[in-house]
Structures are given as structure tokens and as C-alpha cells.
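These are the residues of each chain, in order.
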Amino acid sequence: MEKASDITEVLKARIDPDRVPRHIAIIMDGNGRWAERQGEHRVVGHANGVRSVREALVACREIGVEHLTLYAFSTENWNRPKAEVDALMDLLVKTVIGELEELNANGVRLHTIGDTASLPESCRATLLDAIAATAKNDRITITLALSYSSRWELVRAAQRIATDVKEGRLDPAAITDETFAAHLATAGMPDPELLIRTSGEQRISNFLLWQIAYAELWFTPVLWPDFRKDHLFQAVLDYQGRERRFGLISEQVTPA
Ligand code: IPE
Ligand code: IPE
Ligand code: MG
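Criteria and thresholds
Residues numbered from 1 in each chain as written. Chains lettered and ligands numbered in written order. Predicted model: local features only at pLDDT ≥ 70, side-chain atom pairs only at ≥ 80, totals over all residues. Heavy atoms only, no water. Helix = DSSP H or I, 4+ residues; strand = E, 2+ residues; numbered from the N terminus. Rg over C-alpha atoms; globule rule 2.2 N^0.38 Å. Contact = heavy atoms within 4.5 Å. Areas by Shrake-Rupley, 256 points an atom, 1.4 Å probe, with all protein chains shown as cover. Lys, Arg positive; Asp, Glu negative; His and termini not counted. Charge placed at Lys NZ, Arg CZ, Asp CG, Glu CD. Phe/Tyr/Trp six-rings, centres within 6.5 Å; stacked < 30°, edge-to-face > 60°. Buried < 20%, exposed > 50% of the residue type's maximum accessible area, 1.4 Å probe, protein only. Near = heavy atom within 4 Å. Polar contact = N/O pair within 3.5 Å; in protein donor to acceptor, adjacent residues only side chain to side chain. 1 Å grid on protein atoms, 1.4 Å probe; cavity = no way out; pocket = protein on both sides within 12 Å on 5 of 7 lines; lining within 4 Å. Sits in = over half its atoms within 2 Å of the grid points. Core = buried A, V, L, I, M, F, W, Y, C linked by side-chain atoms within 4.5 Å. Pairing = 2+ DSSP bridges. Axes fitted to C-alpha atoms, helices over the stretch in contact; angles between N-to-C directions.

Peer 1: So what's going on with the overall build of the protein? Which residues, and what values?
Peer 2: Helix and strand content of the protein: nine helices and six strands. Computed over the C-alpha atoms, the radius of gyration of the protein is 19 Å, within 12% of the 18 Å expected from 2.2 N^0.38 for a compact globule of 256 residues. Taking the principal axes of the C-alpha coordinates as reference, the protein spans close to 65 × 55 × 35 Å. In the protein, the share of contacts with a sequence separation of at least 24, taken over all contacts with a separation of at least 6, comes to 78%. With the model as given, the accessible surface of the protein reaches about 13,300 Å², and the carbon-plus-sulfur share is 52%. Charged side chains of the protein number 30 positive and 37 negative; the gap between the two group centres comes to 2 Å.

Here you go:
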């Protein structure tokens, strides 16, 4: 029988290097259920999800993905029990500090999107330090969506555009797709071509609504703490097997 590592290499070798997504986004879900299934507190699931983040990041780096964006904490997640929120913030700080050396050794730039002003001060400070310390790395960018929700981001973009109009910097008739994209938290990043969600839920939960307009969606029942490199490679292989038509007909996108 093939070992897991062999299977991972076989999957990786099947990926067409010329059609790797530039940007993969992941809704990391199922930590709580993973823990509860083993009679553990939900927080144990979050702690075990850190390894999966590492695996996803290494897998993306190995195949040349430029951007990995991870939904780590949503605006709505603030309403969870305080003990869980506190434990998540604590885990975030410890993980960022613990992984910093590894990020730098592998050319990983850290970035965040979301209302990070609402994070506890210690989190904000740790994140800002790590963002500065990795700013020159250029192999892959890992973006953590923290206190993020797409509606928050879209409302903020509308406010900023309205301000530009009010102050005479922008003509409403000149507002385009690009204007809007430039006012989002993801300004300057390519849209994700592939969105993965773990845990079997098939919903978007307020994540990157504008940016995923034409993303391919990949759902897996695997709970986030069980997610490994081979799952990432499998998702990319499925993505490469799909025909992305962008509203055209098949003959237009793959001429005979
Ligand atoms: C995802 O796992 C992590 C966060 C939302 C922070 P969950 O905590 O949502 O786990 P489930 O979905 O309850 O199993
Ligand atoms: C989405 O997961 C948010 C993150 C993964 C951070 P949730 O577990 O919060 O989403 P719902 O409640 O199942 O939609
Ligand atoms: Mg969940």
C-alpha cells in the first residue's frame, strides 16, 4: 500500500505547473466539531488547526501559488462565547510569534485583511511586528482574514468611494469595477481562482463576496484540523479539470 507521503507526491506530480491558481482562499472550518468528536474542548480543535495552516502554506508554496488567504476569524465570530474568542486571540499571538522564523526562512510575507483595529492590542502589535518583519519576502503572501466579513469590507468601500465623490476627487460616472476593487481590503491582490471550504458546510459565510465572483468552489467533508497537503493538491487538480467559461460558450474558451 502506498504511504500518505507517496500519494501526496503522486498528486503533486499530476498538477499542471502552467495552470496553478495564483490565489487560493480557504474557509478553515470544523475545528470545534473535530475537538468535540474526541470529547475535547473546541479550543483544542483550533490549536490542532495550526498544523493544517502550515500544510496548506507549504503545499501552496511548493506548486507556486502566489497568494493564500485564510478565513481565520469573522466579524460574526465575535459573538461566540468569550472564553473561545479569548483562546483564539491567544492562539493567534502565539502562532504568529512561533512561526515567524519559519515564515522568513521560506520567503513568506504575512498580510491581514479585516477590521484589525478591533483586535486586542497584544494581537495587533504582534501582527504589525510580523507584517513588518516579513514585508520583503516575495515567494508567497499569506493573508489572514481577521475580524473580517465581506459586508464590512463592501460597506467600507462604499463609504470611501462616497467620500472621494463628496470631496470632488471622483466623478460618480467614472466609478468602475476597478475603482471598487481598489477600495477593498484586497486591493492589489488578484481575485482567488479557487475557494476551498472544509467541514462539509457549503456556504460562503460572508467571505470575499466580491472577489469570488468567478472563483471555482471546492468543498470537502474533511474537518480543518485533518486537512493536509494532499487535500490541497486534490483541490488544485479538480480545479484544473474544470472549464472556466466566464459567461462564454465552451468553443470560445477551448477552440477546437
Ligand atoms: C473554524 O472552526 C474556526 C473558526 C471559525 C474560528 P469552527 O470553530 O467554526 O468549528 P465548527 O464549525 O464549530 O466545527
Ligand atoms: C466561517 O466559519 C468563519 C471562519 C472560518 C473564520 P463559521 O463556522 O463561523 O461559519 P458558519 O457559522 O458555519 O456559517
Ligand atoms: Mg464553523
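Peer 1: Run through the packing of aromatic side chains, naming residues and quoting values.
Peer 2: Centre distance and the angle of the planes are the two values used to describe a pair of aromatic rings. Counting across every chain of the model gives eight aromatic pairs. An angle of 75 degrees between the planes, with centres 4.8 Å apart, marks the rings of Phe 73 and Trp 78 as edge-to-face. Looking at Phe 73, the relative accessible area reads 2%, which means it is buried. Judged by relative accessible area, Trp 78 falls into the partly exposed class, the value being 27%. One aromatic cluster is present, formed by Tyr 71, Tyr 148, Trp 152 and Phe 207 through successive ring pairs.

Peer 1: Which residues make up the site of ligand 1, and what are the values?
Peer 2: Taken together, 13 residues lie around ligand 1, and Asp 29, Gly 32, Arg 33, Arg 42 and Arg 80 are the ones closest in. Within the backbone of Gly 30, a nitrogen or oxygen atom sits 3.3 Å from an oxygen atom of ligand 1. One of the side-chain N or O atoms of Arg 80 is found 2.7 Å from an oxygen atom in ligand 1. Protein chains bury 87% of the 380 Å² of accessible surface belonging to ligand 1 in isolation. Taken atom by atom, the bulk of ligand 1 overlaps the largest pocket. When contributions to the shell around ligand 1 are tallied by element, the ones reaching two or more residues are helix 2 (31-37), helix 3 (42-63) and helix 4 (82-105).

Peer 1: Describe the nonpolar core, with residues and values.
Peer 2: Ile 24, Ile 26, Leu 68, Ile 196 and Leu 232 are the most contacted members of the largest nonpolar core, which has 44 residues in total. For this core, the element with the highest residue contribution is helix 4, accounting for seven residues. Residues within four places of Ile 24 in sequence aside, it is in contact with Cys 60, Val 65, His 67, Leu 68, Thr 69, Leu 194, Ile 196, Leu 232 and Val 236. In terms of nonpolar packing, the next biggest core, distinct from the first, is built from 12 residues, Ala 145, Tyr 148, Leu 195 and Ile 212 among them.

Peer 1: Hey, could you go over unusual backbone geometry for me, with residue numbers and the actual values?
Peer 2: Phi is positive for Asn 206, which is not a glycine, with a value near 70 degrees. Here Asn 206 lies in the loop between strand 5 (194-197) and strand 6 (216-219). Here the phi dihedral of Phe 246 falls at roughly 50 degrees; this positive angle occurs in a residue that is not glycine. Relative to the elements of secondary structure, Phe 246 occurs in the loop between helix 8 (229-240) and helix 9 (250-253). According to the relative accessible area criterion, Phe 246 is partly exposed, its value standing at 44%.

Peer 1: Any details on the sheet that holds strand 4 (residues 140-148)? Residues and values, ideally.
Peer 2: In spatial order, the strands read 3-4-2-1-5-6; together these six strands make up an open sheet with parallel pairing. Looking at strand neighbours, the two that pair on one side only are strand 3 (108-113) and strand 6, the edges of this open sheet. Each strand axis lies, on average, 20 degrees off the axis of its neighbour in the sheet, ignoring direction. Pairing of strand 3 with strand 4 involves six bridges; the strand directions are parallel. In the sheet register, Ile 113 faces strand 4, and the bridge partner there is Ala 145. Running at roughly 155 degrees to strand 2 (residues 67-74), helix 4 makes contact with strand 2, strand 3 and strand 4 of the sheet.

Purely geometric stuff here, so don't read any function into it on its own.
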